[in-house]
Number of protein chains: 2
Amino acid sequence: MKTKNKNVMTLEEFKEKNYGKRGTKKRDELEAGYENFKIGVLLHQARLEKGLTQEELAAKVGTTKSYISKIENNIKEARISTLQKIVELGFGGHLELSIKL
Amino acid sequence: MKTKNKNVMTLEEFKEKNYGKRGTKKRDELEAGYENFKIGVLLHQARLEKGLTQEELAAKVGTTKSYISKIENNIKEARISTLQKIVELGFGGHLELSIKL
DNA sequence: ACGCAAGTTTCACTTTAGTGAAACAATGTT
DNA sequence: AACATTGTTTCACTAAAGTGAAACTTGCGT
C-alpha cells in the first residue's frame, strides 16, 4: 500500500535544499524578482497538499514525472497554458494572474 | 506633437473587435478557461492606461511593436518571464500569479 | 543490507516563443 | 485626397520550452 505523507517539507526547507540558504548568491539571484522561482515552489506545495506523487500528478495531467520534476525545480519554464493544465487537471484548482501597476 | 489618447476602448469593445461578439464559437472557445486570452487584454488595457503606443512600449522593453501586437492579440503565448519584463520595464509594475485550490 | 518507491538527470527530438524587417491595413488630421 | 501614426501580418531564423524514455540517485521500510 501507499506510504502516508508523513514529512511535508516547509517552504523554507524546500528552498534551502534546492537553492541554498538565504544570503547565498545562488538563492538571492533566483529570488530577485524571478517569478518562475515561485512557480516551482507553489506547484510543489500544492502537490504535497493534495498528497500526490509526481508520477500520479503526471498521469492526471497527461505527462511524465520527469517533466513535473523539471518545472518544480524551475529547470524548465513552464508555459502559462501548461501551468493551467496542471492546476486544473491535477489539483482541480485554477491559476490566477494579474498585473499590478 | 503626440495626439491625445482620446478613445480608450472598453474591454468588451476590444474583445468584440478581436474575437467577435459573445456567443460566437470563436469567442467562446477562447474564453473557455483559456488564461492566455486574458493576458493579451490585460496587457492591452495596461498599455492604454499608461498612454503608450505599442512602439513606445516595445522600446522600453527592448523589443519591437510587432511582438507586442502578437502577444496583445494572443497570437504568441508569451512566457511568464517575458510578461514580467514587459510589466516591469514597460509599466513599472509587476506580475502576480497564484494557484487557487 | 536490500529492495522498493519517489524524485532527478541525461539524451534526443519536436514544437513554439522570441525576434526583426518590411509590407500592409486602418484610423485620424489637415 | 494625401499624409502621418498606430497597429497587424508575413516571412524567416534562432533559441528555448515541451516532451518521453530510460538511467540514475536518494531516501524509507522491513
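Residues numbered from 1 in each chain as written. Chains lettered and ligands numbered in written order. Predicted model: local features only at pLDDT ≥ 70, side-chain atom pairs only at ≥ 80, totals over all residues. Heavy atoms only, no water.

**Considerations on the overall build of chain A**
(1) Moving on: A count of helices and strands for chain A gives six helices and one strand.
(2) Moving on: Ordered by position in the sequence, the α and β elements of chain A form the string α-α-α-α-α-α-β.
(3) Moving on: In chain A, once contacts between residues fewer than 6 apart in sequence are set aside, the share between residues at least 24 apart is 54%.
(4) Moving on: For chain A, the computed accessible surface area is about 6100 Å², with 52% contributed by carbon and sulfur atoms. (Helix = DSSP H or I, 4+ residues; strand = E, 2+ residues; numbered from the N terminus. Contact = heavy atoms within 4.5 Å. Areas by Shrake-Rupley, 256 points an atom, 1.4 Å probe, with all protein chains shown as cover.)

**Some words on a positive patch on the surface**
(1) Moving on: On the surface, R79(A), K85(A), R79(B) and K85(B) cluster together into a patch of positive charge.
(2) Moving on: On the secondary structure map, K85(A) appears in helix α6 (residues 80–91). (Patch = residues over 30% accessible without salt bridge, like charges linked within 9 Å, V, L, I, M, F, W, Y side chains within 5 Å. Salt bridge = Lys/Arg side-chain N within 4 Å of Asp/Glu carboxyl O. Lys, Arg positive; Asp, Glu negative; His and termini not counted. Charge placed at Lys NZ, Arg CZ, Asp CG, Glu CD.)

**A look at the packing of helix α4 (residues 54–61) of chain A against helix α5 (residues 65–72) of chain A**
All names here are of chain A.
(1) Moving on: Where α4 contacts α5, the axes come no closer than 8 Å and their chain directions differ by 110 degrees. Relative to α5, α4 is oriented roughly perpendicular. Across the interface between the two elements, Q54, E55, L57 and A58 of α4 pack against K65, I68, S69 and E72 of α5.
(2) Moving on: For the contact of α4 with α5, the per-class residue count stands at three nonpolar, two polar and three charged. (Axes fitted to C-alpha atoms, helices over the stretch in contact; angles between N-to-C directions. Parallel < 35°, antiparallel > 145°, perpendicular 65-115°, else oblique. Nonpolar A, V, L, I, M, F, W, Y, C, P; charged D, E, K, R; others polar.)

**As for the protein's contact with DNA strand C**
(1) Moving on: Near DNA strand C lie 21 residues; those nearest to it are Q54(A), S66(A), R79(A), Y67(B) and T82(B).
(2) Moving on: Each atom of DNA strand C within 4 Å of the protein was assigned to sugar, phosphate or base; sugar and phosphate come to 59%.
(3) Moving on: In this structure, a phosphate oxygen belonging to DNA strand C sits 3.1 Å away from a main-chain N or O atom of R79(B).
(4) Moving on: At the level of secondary structure, the elements contributing two or more residues to the surface near DNA strand C comprise α5 of chain A together with α5 (65–72) of chain B.
(5) Moving on: When residues in the surface near DNA strand C are grouped by element, the largest group, four residues, is from α5(A). (Near = heavy atom within 4 Å. Polar contact = N/O pair within 3.5 Å; in protein donor to acceptor, adjacent residues only side chain to side chain.)

**So, the protein's contact with DNA strand D**
(1) Moving on: The immediate surroundings of DNA strand D are formed by 22 residues, with T63(A), E77(A), A78(A), R79(A) and Q54(B) found nearest.
(2) Moving on: Contact between DNA strand D and Q54(B): a phosphate oxygen at 2.6 Å from a side-chain N or O atom of the residue.
(3) Moving on: Here a base oxygen of DNA strand D and a side-chain polar atom of K65(B) are 3.1 Å apart.
(4) Moving on: Looking at the surface near DNA strand D, the elements that each hand over two or more residues are α5 of chain A together with α5 of chain B.
(5) Moving on: Per-element accounting of the surface near DNA strand D gives the leading share, four residues, to α5(B).
(6) Moving on: Across the surface near DNA strand D, the residue classes break down as three nonpolar, 11 polar and eight charged.

**Some remarks on the relation of the copies chain B and chain A**
(1) Moving on: In the superposition of chain B on chain A (RMSD 0.1 Å, axial shift 0.1 Å), the rotation amounts to 179 degrees. In symmetry terms, the pair is related by a two-fold rotation axis. When C-alpha positions in chain B are compared against the rotation axis, the closest is assigned to L97(B), at 2.0 Å.
(2) Moving on: By residue overlap, the copies meet face to face through one surface: 100% of the interface positions of chain B are interface positions in chain A. (Least-squares fit on C-alpha atoms with pLDDT ≥ 70 in both.)

**Considerations on helix α6 (residues 80–91) of chain B**
Residue and element names in this part refer to chain B.
(1) Moving on: For α6, built from 12 residues, the straight-helix expectation of 16 Å at 1.5 Å per residue is met to within 8% by its first-to-last C-alpha distance of 16 Å.
(2) Moving on: For α6, a buried count of nine out of 12 residues is recorded, marking the element as mostly surrounded by other parts of the structure.
(3) Moving on: Listed in full, the buried residues belonging to α6 are I80, S81, T82, L83, Q84, I86, V87, G90 and F91.
(4) Moving on: Phi turns positive one or two residues past the end of α6, at G92, with a value near 70 degrees. (Expected span 1.5 Å × (residues − 1). Buried < 20%, exposed > 50% of the residue type's maximum accessible area, 1.4 Å probe, protein only.)

**Topic: unusual backbone geometry**
Residues apart from glycine generally show negative phi values, whereas peptide bonds are mostly found in trans.
(1) Moving on: Phi at N74(A) takes a positive value of approximately 55 degrees, unusual for a residue other than glycine.
(2) Moving on: With respect to the helices and strands, N74(A) occurs in the loop between α5 and α6.

**Topic: the pattern of salt bridges**
All names here are of chain B.
(1) Moving on: Taken as a whole and judged by the stated rule, the model has two salt bridges over all chains.
(2) Moving on: Among the ionic pairs, R47 bridges to E72, the shortest N-O distance being 2.5 Å. With R47 in helix α3 (residues 35–49) and E72 in helix α5, this residue pair connects regions lying 25 residues apart in the sequence.
(3) Moving on: Residue classification places R47 among the buried residues on the basis of a relative accessible area of 7%.

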